[in-house]
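# Chains, contacts and geometry: an overview
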Amino acid sequence: MTRAEIFENRRDVGKKICEQIRQNDWQMINAKNFSERPYYDGEKKYKFSTANYLRLMSSENIYDDPRWYKISDVKKNNWKLKTDAKFELLEEWEEQECLLTKFYNASQIEEVEKYSGENKNLEEVLEFLQIRGLLKFDDDIISFRDGINAVKKYAENFVDDELTINFVVQMWTAESKLKTKLKKFLPTFSDEILTEIAKNPDKIFESANKAQAILKNLRHEKILPIEKLSSEEIFHDLKIVFHGSEGEIKNSDGFNYQSETIFTGVSAYEFLSELKSAEKQKIWLEFFYKDYSHGKFFISEEDFELLAEETVTDFLKSRLDKNRQEILKNPQMLKKYISPKIMVRTEDIFNQINLESENFQSAMKNFEQEEMKYFENHQE
């Protein structure tokens, strides 16, 4: 295809994306599957151009795997395509001529191992922005949404058009590698933007290129020294990660808490305390206190009765140590949590569980002392 023909073909892609956005709550919903920029994984590896990125974004097929191959790679490696394997037509340029070549996703090839993508926790994602000066280190409440807003503000230093800014936010959000429900964080595209693209489809490719350049500049921003101030404040060593909930949870001022938020210090304790008056629902959290860490768990509707009646300390003692205590009291329950394929002596597992429980209870003694100090300072 000539240069003119390929650009005309791109305009069809741009119009198709607009229609998909209108059909998906004004979001480019396929973006949530692009946690890594797609790339050719053949003999000469390279990341795809923005044009091919948008072509894949417009596809009706869903691919979580960023690796792509040509049919020549399949034949060379004696691979076999899966039954009904689908291909995507992507651009390959040679001077002024362009071919739309068939590329197959790694997930469509039987012999290629399943892709294992990297996941980052919320702290890692936000620290990327903190060490570049876009977010403060000493905020005791900070969320993924704060990070998104910081990236948006950064983009506004370079451009003032909404489409490019949306692309910057969308690409950074999707490629943050945070394992969460990204749909609630993806930007929405206004009807004005879509009307503009319909009139000038080239604009969507131009804006995506600008967005990539802005994100490249962000990655190369100067790294600032980390300055975390020490503090004698109570609950200084407390951290809560709020991943989300089934419904709304409001703070004392009536504002909704954002999912994917990190609370530290007194703010973390007050968040736990405010759950006492929240509507019964499932809430997903992580808990960190001094040297103790508790991975992702949820508070169920049944847990709310205990939470409403007890102190935060008593509730945490019961909820976070519940599974360990059940196993220690009823050894047969171990089968529920341990795969039969794990070759470890049962005695060693019980010793480890008992040690973890003792460490947790020791941490809770310190937590309770700090809770009492909090009560003394907040008797109103």
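Residues numbered from 1 in each chain as written. Predicted model: local features only at pLDDT ≥ 70, side-chain atom pairs only at ≥ 80, totals over all residues. Heavy atoms only, no water.

### With respect to a positive patch on the surface
On the surface, a cluster of positive charge is made up of Lys179, Lys181, Lys184 and Lys296. With respect to the element layout, Lys296 can be found in strand S10 (residues 292-299). (Patch = residues over 30% accessible without salt bridge, like charges linked within 9 Å, V, L, I, M, F, W, Y side chains within 5 Å. Areas by Shrake-Rupley, 256 points an atom, 1.4 Å probe, with all protein chains shown as cover. Salt bridge = Lys/Arg side-chain N within 4 Å of Asp/Glu carboxyl O. Lys, Arg positive; Asp, Glu negative; His and termini not counted. Charge placed at Lys NZ, Arg CZ, Asp CG, Glu CD. Helix = DSSP H or I, 4+ residues; strand = E, 2+ residues; numbered from the N terminus.)

### Digging into the environment of Asp291
Looking at where Asp291 falls in the secondary structure, it is placed in the loop between strand S9 (283-289) and S10. Taking the relative accessible area as the measure of exposure, Asp291 reaches 85% and is therefore exposed. Spatially, the C-alpha atoms of Asp291 and Ala363 are 7.9 Å apart, while their sequence positions differ by 72 residues. (Buried < 20%, exposed > 50% of the residue type's maximum accessible area, 1.4 Å probe, protein only.)

### Describing the sheet that holds S10
Ordered by their spatial adjacency, five strands build an open sheet running S6-S8-S7-S9-S10, and the pairing between neighbours is antiparallel. The sheet is open, and its two edges are formed by strand S6 (141-143) and S10, each paired on a single side. Each neighbouring strand pair of the sheet contributes to a mean axis angle of 15 degrees, computed without reference to strand direction. Direction of pairing for S9 relative to S10: antiparallel, over a ladder of six bridges. Each bridged residue has a counterpart across the sheet, and for Phe288 the counterpart in S10 is Ser293. Against the sheet, helix H4 (residues 122-130) makes contact with S6, strand S7 (238-245) and strand S8 (261-264), and its axis sits at roughly 85 degrees relative to S8, the strand it touches most. The sheet strands contacting helix H11 (residues 312-320) are S9 and S10, and the helix crosses S10 at an angle near 85 degrees. (Pairing = 2+ DSSP bridges. Axes fitted to C-alpha atoms, helices over the stretch in contact; angles between N-to-C directions. Contact = heavy atoms within 4.5 Å.)

### With respect to the sheet that holds strand S5 (residues 97-105)
On the basis of which strands lie adjacent, the open sheet formed by five strands has the order S2-S1-S3-S5-S4 and mixed pairing. Each edge of the open sheet carries a strand with a single partner, namely strand S2 (46-47) and strand S4 (87-94). When strand S1 (residues 39-40) meets strand S3 (residues 67-70), the two strands line up parallel, connected through two bridges. Within S3, the residue paired with Tyr39 across the bridge is Arg67. Lying over the sheet, helix H1 (residues 3-23) contacts S4 and S5, oriented at roughly 145 degrees with respect to S4. In this fold helix H2 (residues 50-57) packs onto S3, S4 and S5, with an angle of close to 165 degrees to the strand it touches most, S4.

### Some points on the pairing of S8
Pairing of S6 with S8, which is carried by three bridges, proceeds in the antiparallel orientation. For Ser143, the partnering residue across the bridge sits in S8 and is Thr261. In this structure, S7 lies alongside S8, joined through four bridges in antiparallel fashion. What sits directly across from Lys239, in S8, is Thr264.

### Description of the environment of Leu163
Within the secondary structure layout, Leu163 lies in helix H6 (residues 162-174). Separated by 148 residues in the primary sequence, Leu163 and Thr311 have C-alpha atoms spaced 49 Å apart. Apart from residues lying up to four places away in sequence, Leu163 is in contact with Phe189, Ile193, Ile197, Lys203, Ile204 and Ser207.

### Let's talk about a negative patch on the surface
Where like charges cluster on the molecular surface, the negative patch consists of Asp138, Asp139, Asp140, Asp146 and Glu233. Here Glu233 shows up in the loop between helix H8 (202-219) and S7. A relative accessible area of 44% places Glu233 in the partly exposed class.

### A closer look at the pattern of salt bridges
Evaluation of the coordinates by the stated rule reveals 21 salt bridges. A salt bridge links Arg11 to Glu8; the nearest nitrogen and oxygen atoms lie 2.9 Å apart. Of this pair, Arg11 and Glu8 both sit in helix H1, three residues apart, roughly one helical turn. Given a relative accessible area of 23%, Arg11 falls into the partly exposed group. Take Glu8: its relative accessible area is 41%, and that puts it in the partly exposed class. Close ionic contact of Glu91 with Arg10 constitutes a salt bridge, the shortest N to O distance being 2.8 Å. Of the two residues, Glu91 sits in strand S4 while Arg10 sits in helix H1, which places them 81 residues apart along the sequence. Judged by relative accessible area, Glu91 falls into the buried class, the value being 5%.

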